[in-house]
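Take a look at the letters that make up each chain.
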Amino acid sequence: EAIEKGNITLDQMLTTSAHAASMGGTQVFLEVGEQMSVEDLLKSVIIASANDAAVVLAEAIAGSEESFVAMMNNRAAELGMYNTHFENTNGLDDTATNHVTSARDIALMSRELIGHKKILEYSSIWMDTVRGGEFGLTNTNRLVRFYKGATGLKTGSTSKAKFCISATAKRDGMHLIAVIMGAETRDVRNAEATKLLDWGFANYSVYKY
């Protein structure tokens, strides 16, 4: 949304803060003071779930992660995500006390996200690189490679939340969203998302009038 409003540009270079560089979990190992383009940061977040890149983007748009999280919560309310409350930009929940959402709310957010062409462009990429080809990115969503029509969208996992995914796929003009939360393993998550998408494509079609 910030790009579409002209607040930032894809080729704009952003600088990594100490706070962003301190993120745990999945990351692209940004160093304090390292610069990366908005496009490469977005790719790092969307393709490879980079928590450090998410914070760099948040700080550039809102001035601080806290201010960006406030924007996230306001946007969630606007979208009708009434069972969602964000405490950070990346879902890391080791110290979070009320970072919560629901499958319905994830679906609502996903429906909004797939309306942005760049999101779908990046989320459907299987492998890419940043840092001038020196650092490889592999999509955390295996369905992008193995499910017919897969377009994205995002995986996530923590010890508390277990394995989660918002899986999107498009066939014959119909775009579906399947949300799985709390799966015991990555394979179970992917299998359940596949079942939901298969069921949707088997039982629904787009009615044109």
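Values in this document were obtained by computation on a predicted structure and should not be read as measured data. (Residues numbered from 1 in each chain as written. Predicted model: local features only at pLDDT ≥ 70, side-chain atom pairs only at ≥ 80, totals over all residues. Heavy atoms only, no water.)

Asks: Let's hear about the pattern of salt bridges: which residues, and what values?
Replies: Using the criterion set out here, one finds nine salt bridges in the structure. Residues R75 and E112 are paired through a salt bridge, measuring 3.2 Å at the closest nitrogen-oxygen approach. You can see R75 sitting in helix α4 (residues 65-78) and its partner E112 sitting in helix α5 (residues 103-113), a full 37 residues away along the chain. You can call R75 partly exposed: its relative accessible area is 25%. Exposure remark for E112: the relative accessible area of 31% places this residue in the partly exposed category. The partner of E121 in a salt bridge is K118, and the shortest N-O contact between them spans 3.2 Å. (Salt bridge = Lys/Arg side-chain N within 4 Å of Asp/Glu carboxyl O. Helix = DSSP H or I, 4+ residues; strand = E, 2+ residues; numbered from the N terminus. Buried < 20%, exposed > 50% of the residue type's maximum accessible area, 1.4 Å probe, protein only.)

Asks: Can you explain the packing of helix α3 (residues 51-62) against α4? Please cite residues and give values.
Replies: Packing of α3 against α4 brings their axes to within 8 Å, and their N-to-C directions diverge by 85 degrees. Judged by the angle between their axes, α3 and α4 are roughly perpendicular. The segment α3 lies against α4, with V55, A58, E59, I61 and A62 engaging E65, S67, F68 and M71. Here the contact of α3 with α4 is composed, by residue class, of six nonpolar, one polar and two charged. (Axes fitted to C-alpha atoms, helices over the stretch in contact; angles between N-to-C directions. Parallel < 35°, antiparallel > 145°, perpendicular 65-115°, else oblique. Contact = heavy atoms within 4.5 Å. Nonpolar A, V, L, I, M, F, W, Y, C, P; charged D, E, K, R; others polar.)

Asks: How would you sum up unusual backbone geometry? Please name residues and give values.
Replies: Put simply, G152 and L153 share a cis peptide bond, and its omega is 20 degrees. When you line up the elements, L153 lands in strand β5 (residues 150-158). Positive phi values are uncommon outside glycine, yet K162 reaches one of about 65 degrees. Assignment of secondary structure puts K162 in strand β6 (residues 162-171). Among the residues examined, K162 registers a relative accessible area of 33% and is labelled partly exposed.

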